[in-house]
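If you want the building blocks of each chain, they are given just below.
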Amino acid sequence: MVKEALLIVDMSNDFVADDGPLTVGKPAQEIVPYIKDLATEFLEAGKMVVVSMDAHQPNDPHFELWPPHNIVGTEGQQLYGELYDWYEANQNNENLIYSAKTNYNAFFQTDLAETFRKAGVEKVHTVGVTTDICDFLTVSGADAEGFKTAIHKRGIATFTDLGETMVNHMVRCFHTEVID
C-alpha cells in the first residue's frame, strides 16, 4: 500500500478572504469544507497533513511582482476561517505539520521532501490555491523530488481561467492522478 500525505497550499486570509490582496474569493471559500473534511480523514487514518504557507518579509523582492501578501505574523498569513479553527484543534497531532515557504513551490528550499521521505511518503495529494501557480508548481516540485502526485478538483481554485488547463498539464507532465 502506498503511503500518502496531504499538502494544503496557501489557504490564507490573503488568498481566500474577500478583502485579501491576492484573493481567489468565493471559489476558494467554497473549497474550505472539502479541504477540512479531507484533512480530517487523512489525520484519522494516521496519514501526514502539511499546511504549506507563503511566508514573506515586508521587504520581500517578491512584492515587485505581486501586491504584498502573507507577511509573516500578520492576520493575512493566517489560515482562513474554518481551516484556522481546524488547525488550532488539531495542532498537537504529530502527523500535522506547518511548513513555511518563500517560493511558489512548497518543496523549494524547505525540508518538506526530506520530511516526507523520513515518513515513508510515496504519494502527495495537493489541495489549495492557486491551481495554476502554487498548486501547479508544488505538484511539479513533488514530481521532481520523486513523489507520485494527486490533485483534488474539489479542493483547488484559482482567480484565472487557467485552472482546467493546468490540471490537464499536471496529468500530461507529471502523470498526476485527478480526484474529482
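With that settled, consider the packing of aromatic side chains. Within the structure shown, the criterion is met by 5 aromatic pairs. Each ring, one from Y87 and one from Y98, has its centre 6.1 Å from the other, and the planes form 70 degrees; the classification is edge-to-face. Taken as a pair, Y87 in helix α3 (residues 81-90) and Y98 in strand β3 (residues 96-101) lie far apart in primary sequence, 11 residues in all. The partly exposed category is assigned to Y98, whose relative accessible area is 35%. Following the ring pairs from residue to residue traces out a cluster consisting of F107, F116 and F147. One cation-aromatic arrangement involves K47 over F42; the distance from NZ or CZ to the ring centre is 5.0 Å.

Rolled over the atoms, a probe sized like a water molecule indicates the empty space that remains. Tallied over the full model, the rule gives 1 cavity of 30 Å³ or more. Roughly 90 Å³ of internal volume is contained in the largest cavity. Lining the largest cavity, in full, are F15, L22, D54, H62, W66, H69, Y104, T130, I133, C134 and F159.

Inspection of every chain in the model, using the stated rule, returns 9 salt bridges. Residue K26 pairs with D18 through a salt bridge whose shortest N-O separation is 3.4 Å. Residue classification places K26 among the partly exposed residues on the basis of a relative accessible area of 47%. A residue is classified by how much of its surface remains accessible, and D18, at 55% relative accessible area, is exposed. Residue K153 is joined to E164 by a salt bridge in which the shortest nitrogen-to-oxygen separation is 3.0 Å. On the criterion of sequence distance, the pair formed by K153 in strand β5 (residues 148-157) and E164 in helix α6 (residues 163-174) is long-range, its members being 11 residues apart. Judged by its relative accessible area of 30%, K153 falls in the partly exposed class. When its relative accessible area of 42% is taken as the criterion, E164 is described as partly exposed. Via salt bridges that share partners, D10, D54 and K101 belong to a single interconnected network.

What counts as what
Residues numbered from 1 in each chain as written. Predicted model: local features only at pLDDT ≥ 70, side-chain atom pairs only at ≥ 80, totals over all residues. Heavy atoms only, no water. Phe/Tyr/Trp six-rings, centres within 6.5 Å; stacked < 30°, edge-to-face > 60°. Helix = DSSP H or I, 4+ residues; strand = E, 2+ residues; numbered from the N terminus. Buried < 20%, exposed > 50% of the residue type's maximum accessible area, 1.4 Å probe, protein only. Lys NZ or Arg CZ within 6 Å of the ring centre and 35° of its normal. 1 Å grid on protein atoms, 1.4 Å probe; cavity = no way out; pocket = protein on both sides within 12 Å on 5 of 7 lines; lining within 4 Å. Points joined across faces, edges and corners; volume = space filled by probe spheres on them. Salt bridge = Lys/Arg side-chain N within 4 Å of Asp/Glu carboxyl O.

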